[in-house]
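Working through the structure, step by step
One-letter residues, chain by chain:
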Amino acid sequence: YYFSNATTTNRIRGNRTNLLPTGNTTTLDNRTTKSSSDGHAINMDFEIKVDSTLTFNINPSFNTNKSINSTLGADETFSENGAVLNKNTTDNLWNSDEKDFKNNIYFYKRLKRKGRGISGTLTIRNFENNSDLNTLTSTRFFQTGNVDDDRNQFRNENEKINGFNVKLGYTEPL
């Protein structure tokens with residue numbers, strides 16, 4: 001069994017100057033990002049000897065992870081003379097919930113003739129990931145006459161993988 005937990009917070013402040021032929025602009029940027037995740041993992045391995053000629057190996061595993069990430073930010077751009085050109089705010093929130101179950105079942109049956117045998121593998125996987133992303137942005141333009149830009153965007157993703165794989169083999173000595 002394995003457990004993981006992480007929480008981070010980053011604060012970023014920036015000061016950028018753009019050198020333009022029509023005059024320099026300066027952008028002041030301030031952002032805070034926060035991330036947290038919790039994960040669990042269980043991996044097992046079982047060997048079952050039915051008799052001296054038949055063996056099964058069963059390897060189930062289960063992993064789950066939940067994550068939350070957020071970004072809050074604001075920036076302002078100024079002309080050379082200090083006039084505000086635009087202001088922008090951003091608020092992003094992303095949530096993810098992932099579950100992954102796998103099971104590998106392997107068998108080997110030794111037959112009477114030395115070196116002869118039958119083997120097989122069955123792999124089963126059930127995976128699911130659900131995530132949501134909310135993005136709120138607002139940009140105000142002060143000098144250009146452009147229309148302000150407000151966005152409220154939402155994206156939901158649901159991913160599922162359910163499947164199996166079967167392999168069979170026969171060994172014959174030469």
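Residues numbered from 1 in each chain as written. Predicted model: local features only at pLDDT ≥ 70, side-chain atom pairs only at ≥ 80, totals over all residues. Heavy atoms only, no water.

**Points about the pairing of strand β3 (residues 46–51)**
Put simply, the rule reads: In short, DSSP must find at least two bridges between two strands for them to pair. In this text, helices come from DSSP runs of H or I with a minimum length of four residues, and strands from runs of E with a minimum of two, each type numbered from the N-terminal end.
Note that β3 and strand β4 (residues 54–78) share five bridges and pair antiparallel. Bridging across to β4, Glu-47 finds its partner in Asn-57.

**Regarding a nonpolar patch on the surface**
This is how the line gets drawn: Each patch groups residues whose relative accessible area exceeds 30% and which form no salt bridge, using 9 Å between like charges and 5 Å between nonpolar side chains of Val, Leu, Ile, Met, Phe, Trp and Tyr. We get accessible surface area from the Shrake-Rupley algorithm with a probe of 1.4 Å; when it comes to residues, only the shown protein chains can shield them. We count a salt bridge whenever a side-chain nitrogen from Lys or Arg sits within 4 Å of a carboxyl oxygen from Asp or Glu.
Where nonpolar side chains cluster on the molecular surface, the patch consists of Tyr-1, Phe-3, Ile-42, Met-44, Phe-46, Ile-48, Val-50 and Phe-62 and spans about 770 Å² of accessible area. Take the nonpolar patch: its biggest share by element is three residues, from β3. Topologically, Phe-3 is positioned in strand β1 (residues 2–18).

**Some words on the packing of aromatic side chains**
Applied cut-off: Note on aromatic pairs: the rings of Phe, Tyr and Trp (six-membered ring only in Trp) are paired at centre separations within 6.5 Å, and the planes decide the class, stacked below 30 degrees, edge-to-face beyond 60, tilted for the rest. Whether a residue is buried, partly exposed or exposed follows from its accessible area with a 1.4 Å probe, protein chains only, as a fraction of its type maximum: under 20%, in between, or over 50%, in that order.
In total, this model carries one aromatic pair according to the counting rule given. Between Phe-56 and Phe-107, the ring centres sit 6.2 Å apart and the planes meet at 40 degrees, which makes this aromatic pair tilted. Pair noted here: Phe-56 is in strand β4 and Phe-107 is in strand β5 (residues 84–110), with a separation of 51 residues, a long-range link. Residue classification places Phe-107 among the partly exposed positions, given a relative accessible area of 24%.

**Regarding the environment of Thr-123**
To be explicit about the condition: Between two residues, a contact is recorded if the distance between any of their heavy atoms is within 4.5 Å. Under this definition, polar contacts are N or O atom pairs within 3.5 Å; protein pairs additionally need one hydrogen-donor-capable and one acceptor-capable atom, and for neighbouring residues in sequence, both atoms have to be side-chain atoms.
Along the polypeptide, Thr-123 turns up in strand β6 (residues 117–141). Since its relative accessible area comes to 27%, Thr-123 is described here as partly exposed. On a C-alpha basis, the gap between Thr-123 and Glu-157 in space is 26 Å, while along the polypeptide they are 34 residues apart. When near neighbours in sequence (up to four residues on either side) are disregarded, Thr-123 contacts Asn-103, Asn-104, Gly-163, Phe-164 and Asn-165. Looking at Thr-123, its side chain comes within polar contact range of the side chain of Asn-104, at 3.0 Å.

**Quick notes on the pattern of salt bridges**
The tally for this structure, following the rule as stated, stands at 11 salt bridges. Between Arg-116 and Glu-172 there is a salt bridge whose closest N-O contact spans 2.8 Å. Within this pair, whereas Arg-116 is found in the loop between β5 and β6, its partner Glu-172 is found in the segment after β7 (149–171), the two being separated by 56 residues in sequence. When salt bridges that share partners are traced, they join Asp-29, Arg-31 and Asp-75 into one network.

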